[in-house]
Every structure is written in C-alpha cells, then in structure tokens.
Amino acid sequence: MSGHLHAAPEPSVTVRTPGKVNLVLRSGAVRDDGYHPLSTVFQAVSLFEEVTATHVAPGAGISLTVSGPQADVVPLDETNLAWRAALAVADHTGLDADVALHLHKGVPVAGGMAGGSADAAAALVACDALWGAGLSRHDLTVLAAGLGADVPFALLGHTAVGTGRGDVLTPVLTRGEFHWAFAVQAEGLSTPSVFARFDELSAAGVSAAGADRAAGPTPLDGEMAGGVDPGRSPDPGDDAELMAALRAGDPTALGEALHNDLQAAALDLRPELGQVLEVAREAGALGTLVSGSGPTIAALARSRRHALAVAAAWTTADVVASVWTATGPAPGARITG
Ligand code: C5P
C-alpha cells in the first residue's frame, strides 16, 4: 500500500466475505423459472473467504488458484462463481477480463453455507477495485443477484431477511453476538437436488415444518412431522418470535425459533444427519438445524466455550468430517489489502 497521492494502481486487491447460516428458511412451491420463493433470514458468520485479485499482462485472461481446507474439490475453470464474477464485471464495464484470482477458502465447500457465493461477492468487489471500475453498491448488488441467489447477501453481511429467490434483502437489527458450532460432512449436497427432494416431499404432503419445535421422547420422528402448504407464498411476518429474539440478543429464544423447510429433504437424502442433530441436542445446543440446503448442521450455543463443547461432542461421536465454530453476525464484503 502506498500513501502517495498519485500512487500507481495497486498490483493486487484482497477482499474478505463471510459464510452464512439461514436462521429460518421457508420455501413455497417451485416457480416456472426453477427457483423457489423464499422467506429466509440470513446470518453471516465469522468463517471467511478471501479473494485476491492481481494484475496480469493485457490479454492474459482470467486464471484461478485456490488454497485452504477442501481446496482440492473446488473447480478452477469458468464454472467457478468467482471466475464468472470477474467476467460479469468485465462485461458490465467493457473492461478486459485480465486478472489472476486466488481464493483462500475458510467456509466449508458445498456445505450449505454459501462459500461459493461468498467467493463470487468477493471477486466482484476485488475486480471492481483492481480495475478501477468504480461500480456503485447498487451495480455490484445487481451483478451479484445475476450470479446466484445467495451472492447479494455475501456482499451485505450481518443479518438480513431474504425474499424473492433469497436475493431481495432487508437488513435486520440484532443485539450482541451469537455462538455457533458447525458439523461438516465429507461429501457436500447439491442445492438443486435438495430443492428437488423438497418438491417431491411437498407433493407427498411431508415436510420439515415444525421439525425444530418437535418435542417428545423421539425427536427424530419429529423431523418429518408437520406440513407445508405449497400453494402459499412464505411470509417474513411468520417469524416475529425470531425477529424479537434477534433484537433482544436472546440466544435461548433464537434457538427455539430456528427453522428450515429444507431440513426434511436434506435428512431424506442423508439420513445420518439425524444423529448429528441428536448429538448436538444432547450436548445442550439451544437450537439445531440443517444450514441452508445442507449437509452442514448448525448448532446454536450459549457461549464460545459451549460451542467448543458441542463441536467436541460431534468429534467424540465420530459423526462428522470436521467441526468449526464461529460467531454471528459478521460483516459483509470488505477490502482487507
Ligand atoms: O442461485 P443459485 O445458483 O445459488 O441456485 C442454485 C440452485 O438452487 C438453483 O438452480 C435452484 O435449483 C435452487 N434454488 C431454488 N430456489 C432458490 C434458490 C436456489 O430452487 N430460491
């Protein structure tokens, strides 16, 4: 970094973006465009992707490298959302798409925590800054929504209600810090396959509605209880208790209000996740749920120490590939270097 007034363009820009957990996710029936209308509340958590964009010679094109846990399963070509983000900035501005992108992954891959979307959001901001494109926040948000339903939230961070495909965002006021433990599976789940199973279960009259509120001696039976009315559009007004818990900074009330309509579908595809949920409940988690489309399981804890205890219980039970702890909310896209 140079402090001079007429500094040469920075040779590289690094941007940090957060992963997320959906505190609530309610889905209606699939639309004609293949997407589902959602009412969701995102919370960004302190697991971060870091994207560095570096100048390359004119005409060199885009290149991509990746580091961090699970880096070996990340595609390094134009199917990577970060690559597509760089192309989107170039297309929108008429600038040449010449950049070397490096992704340092701190969010579980294909886990339902939007790590790929966070890469895309970071790449948008990094290319905009590197190329001096001067895009507005609005431009970046429009480009983000074009890349994927979860990408605008990775720009924004903190806590927000998402409607539409999950990409129409309204920030939510929260108090304090919430402590999370995450159980990551060796193999990810594809989001379209989880939504497709959700459609099949909805058609058959089965859903996860009420799963997290299920009481009684056999909690796992409750995973399949309740029902979604697929004809009804989900409505953020349904989650007044969750909003009150966030405003009050009350983790116990938040734990009781966590809910994911995709949970039954993820559990149907991965029955072994039931045990991961049960181990967290036995370890005293205030609430548990599948994160987004899974297969990552999120557990809300009382404190950082309790989050570590939940993570230790998973490790001891041998039901996970890796455990992670984090706090939320976390900030959105930031230039860090
Ligand atoms: O937008 P994104 O590429 O992240 O979405 C991946 C897939 O997830 C979509 O193609 C769709 O199958 C499913 N999806 C959905 N409804 C949403 C968001 C995603 O059906 N609201």
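Source: prediction; values computed, not measured.

Definitions and cut-offs
Residues numbered from 1 in each chain as written. Predicted model: local features only at pLDDT ≥ 70, side-chain atom pairs only at ≥ 80, totals over all residues. Helix = DSSP H or I, 4+ residues; strand = E, 2+ residues; numbered from the N terminus. Buried ≥ 20, exposed ≤ 12 C-beta atoms within 10 Å, placed from the backbone. Contact = placed C-beta atoms within 7 Å. UniProt positions renumbered as here; feature names shortened; annotations may be inferred. Arc of directions from axis to C-beta. Near = placed C-beta within 6 Å. Nonpolar A, V, L, I, M, F, W, Y, C, P; charged D, E, K, R; others polar. Domains from an automatic or database assignment. Pairing = 2+ DSSP bridges. Expected span 1.5 Å × (residues − 1). Core = buried A, V, L, I, M, F, W, Y, C linked by C-beta atoms within 7 Å.

### Points about the overall build of the protein chain
A count of helices and strands for the protein chain gives 10 helices and 12 strands. Counting every position in the protein chain, which comprises 337 residues, the buried fraction comes to 51%. Considering only contacts within the protein chain whose residues lie at least 6 apart along the sequence, 75% involve residues at least 24 apart.

### Digging into the UniProt feature "binding site: ATP" (unreviewed entry) in the protein chain
As recorded in UniProt, the sites labelled "binding site: ATP" (unreviewed entry) are Pro 108, Val 109, Ala 110, Gly 111, Gly 112, Met 113, Ala 114, Gly 115, Gly 116, Ser 117 and Ala 118. Here Gly 112 shows up in the loop between β4 (99-104) and α2 (115-130). When the 31 C-beta atoms within 10 Å are taken as the criterion, Gly 112 is described as buried. Contact partners of Gly 112, with chain neighbours within four places excluded, come to Val 290, Ser 291, Gly 292, Ser 293, Gly 294, Pro 295 and Thr 296. Given 28 C-beta atoms within 10 Å, Ser 117 falls into the buried group. When near neighbours in sequence (up to four residues on either side) are disregarded, Ser 117 contacts Leu 81, Gly 148, Asp 150, Val 151 and Ala 154.

### Details of helix α6 (residues 240-248)
Buried residues of α6: Leu 242, Met 243, Ala 245 and Leu 246, and no others. The buried side chains of α6 occupy one side of the element, clustering within an arc of 160° when seen end-on. Every exposed residue of α6 that faces more than 90 degrees away from the buried side is listed here: Ala 240 and Arg 247. Here the buried face of α6 lies against β1 (12-27), β2 (38-54), β5 (159-163) and α7 (251-257). Gly 249 sits one or two positions beyond α6 and adopts a positive phi of about 65°.

### Details of the site of the ligand
Looking at the ligand, the residues that line it are Gly 34, Tyr 35, His 36, Leu 38, Gly 148, Ala 149, Asp 150, Arg 165, Gly 166, Thr 191, Pro 192 and Phe 195. In terms of residue count, the dominant contributor to the shell around the ligand is helix α5 (residues 191-203) (three residues). Looking at the shell around the ligand residue by residue, the class counts come to five nonpolar, five polar and two charged. Taken domain by domain, the shell around the ligand gets at least three of its residues from each of domain 1 (12-172 + 331-335) and domain 2 (178-328).

### Concerning the domain arrangement of the protein chain
Split into domains, the protein chain comes out as domain 1 (12-172 + 331-335) and domain 2 (178-328). Between the C-alpha centres of domain 1 and domain 2 the distance comes to 24 Å. Listing elements by their share of the side of domain 1 that touches domain 2, those giving two or more residues are β1, β2 and β5. With eight residues, the single largest contributor to the side of domain 1 that touches domain 2 is β2. Tallied by class, residues from the side of domain 1 that touches domain 2 come to 19 nonpolar, 11 polar and one charged.

### Side note on the pairing of β1
For a regular strand, side-chain orientation follows a simple rule: the groups alternate between the two sheet faces. Most of β1 sits out of view: 14 of its 16 residues are buried. Judged from the 15 bridges that link them, β1 and β2 form a sheet pairing that is antiparallel. Following the sheet pairing, Val 13 is matched in β2 by Ala 53. The sheet contact formed by β1 and strand β12 (residues 334-335) spans two bridges and is antiparallel.

### Some points on the UniProt feature "domain: GHMP kinase C-terminal" (unreviewed entry) in the protein chain
Feature annotation in UniProt places "domain: GHMP kinase C-terminal" (unreviewed entry) on residues 242-315, given in this structure's numbering. End C-alpha atoms of residues 242-315 are separated by 30 Å, and the span's content is 58% helix alongside 15% strand.

### A look at α5
In this model, α5 (13 residues) spans 18 Å end to end at C-alpha, consistent with the 18 Å of a helix rising 1.5 Å per residue. Within α5, burial applies to Val 194, Phe 198, Leu 201 and Ser 202. Taken end-on, α5 shows its buried residues confined to a sector of 100°, consistent with a single buried face. Residues of α5 that are exposed and point more than 90 degrees away from the buried face comprise Pro 192, Glu 200 and Ala 203. Buried residues belonging to α5 abut β1 and α8 (263-269). Two residues or fewer past α5, Gly 205 is found with a positive phi of approximately 80°.

### Focus: the nonpolar core
The biggest cluster of nonpolar side chains holds 105 residues, and the ones touching the most others in it are Ala 123, Leu 124 and Trp 180. Residue contributions to this core reach at least three from each of two domains, namely domain 1 (12-172 + 331-335) and domain 2 (178-328). In this structure Trp 180 touches Val 21, Val 45, Ala 298, Ala 299, Leu 300, Ala 301, Ala 307, Thr 325, Ala 326, Thr 327 and Gly 328, once residues within four positions along its chain are discounted.

### Quick word on the environment of Arg 165
Along the chain, Arg 165 turns up in the loop between β5 and β6 (168-171). Considering only alpha carbons, one finds Arg 165 and Val 21, 144 residues apart in sequence, at a separation of 16 Å. In this structure Arg 165 touches Tyr 35, Leu 38 and Ala 149, once residues within four positions along its chain are discounted.

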